[in-house]
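# Examination of the molecular architecture
The primary structure of each chain is shown beneath.
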Amino acid sequence: MNPVPLNLLVSLGTLLVLLAVTFLISVTRRRYDIIDVFWGAGFAAVALVSFGLSAGHGVLWQRALITALTVLWGLRLAWHILRRNHGQPEDKRYVELMAAAKGNPLAHLVKRVYLPQGAVLWFVSLPVQIGQYAEPVLIPLTVLGVVLWAIGFAFEAVGDAQLKRFKADPANQGRVMDSGLWRYTRHPNYFGDAALWWGLYLLACQSWPGAATVLSPVLMTYVLTRRTGKALLERHLLVSRPGYRDYLRRTSGFFPLPPKKH
């Protein structure tokens, strides 16, 4: 019997349970941006479940590698968002979403945020799930995937750290972050996120089923650039940061590039 369908079903069930727990915590605390912490933690949970279910299949060290890279990224992101939100007011996106609800605000939140986010997470994680079963292993493809993941992880982690230090300085109140990695791309963290998921996809490309999950990194890149990531954030910054329009004109929107001259 093909073990992959069972893996996909169990990982989906795991996400639904985690979503339910996250929702209950949010309702209890009356704070709904906790779902953002679930994003990274959910990927880590799927990777660990898939690693356990794939025992006896694939190549052990390759399975361990895919799992470790996903868990490291997911837990770092979850911890970063948890620390960032601690002591801060509720994210305005969720306040506005709840206020605009027609009918039960909680049902509206589940429909608009929880279920779509869970579905996207499950679909994006397909390379991690299916990549656990690949054999034999193509070493050059693995090396390329790890290098791309490392580049992406560095951009995301360093970009987040640079922005945190920038915001911690009261002198930067209302200013635009345009130094460090942010000098070369307006969204080093989003670029890094996309790059590392393309790296994980390459690790899954050891088999045709893994290669067929190409729409997973495509969806992640689309979400980051066109939906809830870059596009949504920039609409807000154009209004709230006076110098952001000039920064937008001289700085690459996604791929790191030298800034344009005035």
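Residue numbers run consecutively from 1 along every chain, following the written order of its sequence. With pLDDT at 70 or above as the cut-off, local features in this predicted model cover only qualifying residues; side-chain atom pairs require 80 or more to be listed or tallied, and sums for whole chains, interfaces and linings still use all residues. Side-chain numbers come from the whole structure's heavy atoms, not from hydrogens or water.

## What to know about unusual backbone geometry
We count it as follows: Helix and strand labels come from DSSP, where a helix needs a run of H or I of at least four residues and a strand needs a run of E of at least two; each type is numbered from the N terminus.
Each neighbour pair has its own omega, and for E135 with P136 the value is -5°, a cis peptide bond. Tracing the backbone through its elements, the reader meets P136 in the loop between α6 (126–130) and α7 (139–168).

## Some remarks on the packing of aromatic side chains
Rule in force here: Side-chain rings of Phe, Tyr and Trp (the six-membered ring for Trp) are treated as a pair once their centres are within 6.5 Å; stacked means planes under 30 degrees apart, edge-to-face means over 60, and tilted covers the remaining angles. Think of it in three bands: with a 1.4 Å probe and only protein chains considered, a residue is buried below 20% of the maximum accessible area for its type, exposed above 50%, and partly exposed in between.
Evaluated as defined, the whole model comprises eleven aromatic pairs. Taking the centre distance of 4.9 Å and the plane angle of 50° together, the rings of F43 and W197 count as tilted. Of this pair, F43 sits in helix α2 (residues 35–53) while W197 sits in helix α8 (residues 188–204), and the two are 154 residues apart along the sequence. Exposure remark for F43: the relative accessible area of 1% places this residue in the buried category. A relative accessible area of 1% places W197 in the buried class. Summarising the aromatic geometry, the rings of F191 and F255 are spaced 6.0 Å apart at their centres and angled 65° between planes, so their arrangement reads as edge-to-face.

## Considerations on the confidence of the model for the protein chain
The cut-off we apply is this: pLDDT gives the predictor's per-residue confidence on a scale running from 0 to 100.
The pLDDT averaged across the protein chain works out to 90; a share of 95% of its residues lies at or above 70. When pLDDT is averaged over each helix and strand of the protein chain, the minimum, 66, is found for helix α11 (residues 230–240) and the maximum, 97, for α6.

## Overview of the pattern of salt bridges
Under the convention used in this document: Think of a salt bridge as a Lys or Arg side-chain nitrogen and an Asp or Glu carboxyl oxygen that are within 4 Å of each other.
Evaluation of the coordinates by the stated rule reveals six salt bridges. For R250, the salt bridge goes to D178, with nearest N and O atoms at 2.8 Å. Residue R250 is found in helix α12 (residues 244–250), and its partner D178 is found in the loop between α7 and α8; the two are separated by 72 residues along the sequence. Here R250 falls in the buried class, since its relative accessible area comes to 18%.

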